[in-house]
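Summary of structural features
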Amino acid sequence: MISRPGELGDEALVIAAQQGEREAFEVLVERYKEKAYRIAFDFTRDREEAKDLSQDAFLQAFSHLKSFDRRASFYTWFYRILVNLCLDYRRRKAKIAWESLEERTERGDGFASPGPSPVDQAIRGEISEKIETALATLPPKQRAVFLLKNHEGLSISEIAGVMKSAEGTIKVHLHRAVIALKQRLTELA
Amino acid sequence: MSACTAFEQDLVLYHYGECSGIEKQRVESHLESCAACRGFLQELKSFLPSTVETDEPPPSFWQDYSRELRIKLSDRQERSGGWWPSITALFRPWPVPVLAAGAIVAIGLTISLSNSRRPEPPSSPEYVEMATNADFFRSMDLLDSMDLLESVEGQEAQQKGDAPAQNL
């Protein structure tokens, strides 16, 4: 049993957790749960979904901890798990939305997307809705890079580690995302 | 407002503080002389922060979050391994019936062997009757047949002429 696990750095906690100290992993959870939740919320915009996704990420990290070779930092490795889950979530949502659109088309309901309800629009604000609409139009990786940089403040090198991409690629994704958002928000204004 | 194509990406990086050294000097030098790029940078400063929409759950949310995750981690640990599953495995399917069957066979053999060695009881009437009653109670659950036991004792006593008659 480790004493004062809260005072240990991430690497020491990972080593302890890999040796079976679950308490060490729980310290990592407490250390990163809010950030993990915020990232998941950026992708989902839903509190319960964000909670489930971020918890799933911790569970996956726990299950695969013994295979983590510690070449990257724990949070880079963990955020990679989390971002992959978030990207997968977006793909599933898009697929469900597409299938729903196809069903509506077959029924003869037309191509109009359901859009937000009037109550939702009033509650969430028109600007917020436009931002969410604009973000939703970004390709998944551009969106992921943009959220990690703009919302979470990760550095380009950190994002490159999370996304397992070259820094140059991340810079291109970020640039394209910003320009696309700027243009989209102008159109929606 | 559109920025100069050659500087557009660098301006985005500059906005996020990702420009350093020579690149930063190059951008800042260009900004001094280009109004379009200054305007573009100003637009980034105004609209990019507004895209952030955070959620601030209450403290009770985080308490529930931690508690739920601890439960899920326990379940995950139990399913994947650790000392607890090795103990619970002793009580899982196949060892129990095998052990139970072995115990029953052993007990049965012991009883049959001990019965075969038991001496023949004397054949006098009293002993026959007692043996019959003893067999009877051995075949019953005594806790459920206390009334019957008392009635049998009463009958035995009556036959000897000592005890009053007992109603069954």
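Residues numbered from 1 in each chain as written. Chains lettered and ligands numbered in written order. Predicted model: local features only at pLDDT ≥ 70, side-chain atom pairs only at ≥ 80, totals over all residues. Heavy atoms only, no water.

1. Comments concerning the packing of aromatic side chains
The full count for this structure, using the stated rule, is 17 aromatic pairs over all chains. Pairing Tyr37 of chain A with Trp62 of chain B gives two aromatic rings, centres 5.3 Å apart and planes at 85°, and the pair type is edge-to-face. Taken as a pair, Tyr37 of chain A in helix α2 (residues 22-44) and Trp62 of chain B in helix α4 (residues 59-80) lie in two separate chains rather than in one. The lysine or arginine in question, Arg47 of chain A, covers the ring of Phe61 of chain B, its NZ or CZ lying 5.8 Å from the ring centre. (Phe/Tyr/Trp six-rings, centres within 6.5 Å; stacked < 30°, edge-to-face > 60°. Helix = DSSP H or I, 4+ residues; strand = E, 2+ residues; numbered from the N terminus. Lys NZ or Arg CZ within 6 Å of the ring centre and 35° of its normal.)

2. A look at the interface of chain A and chain B
Listed per partner, the contact involves 38 residues of chain A and 33 residues of chain B. Approximately 3,600 Å² of surface area, both sides summed, lies buried where chain A meets chain B, with 61% of it carried by carbon and sulfur atoms. Broken down residue by residue, the surface that chain A buries against chain B is led by Gln55, Leu59 and Lys182 of chain A, which jointly contribute 17%. Linking chain A to chain B there are 5 salt bridges. (Contact = heavy atoms within 4.5 Å. Buried area = accessible area lost by both parts, 1.4 Å probe. Salt bridge = Lys/Arg side-chain N within 4 Å of Asp/Glu carboxyl O.)

3. Considering the packing of helix α2 (residues 21-33) of chain B against helix α3 (residues 35-47) of chain B
Residues and elements named next belong to chain B. Close contact between α2 and α3 brings their axes to 6 Å; oriented N to C, the two are set at 110°. One finds that α2 runs roughly perpendicular with respect to α3. Judged by residue contacts, His30, Leu31, Glu32 and Ser33 of α2 engage Ala35, Cys37, Arg38 and Leu41 from α3. (Axes fitted to C-alpha atoms, helices over the stretch in contact; angles between N-to-C directions. Parallel < 35°, antiparallel > 145°, perpendicular 65-115°, else oblique.)

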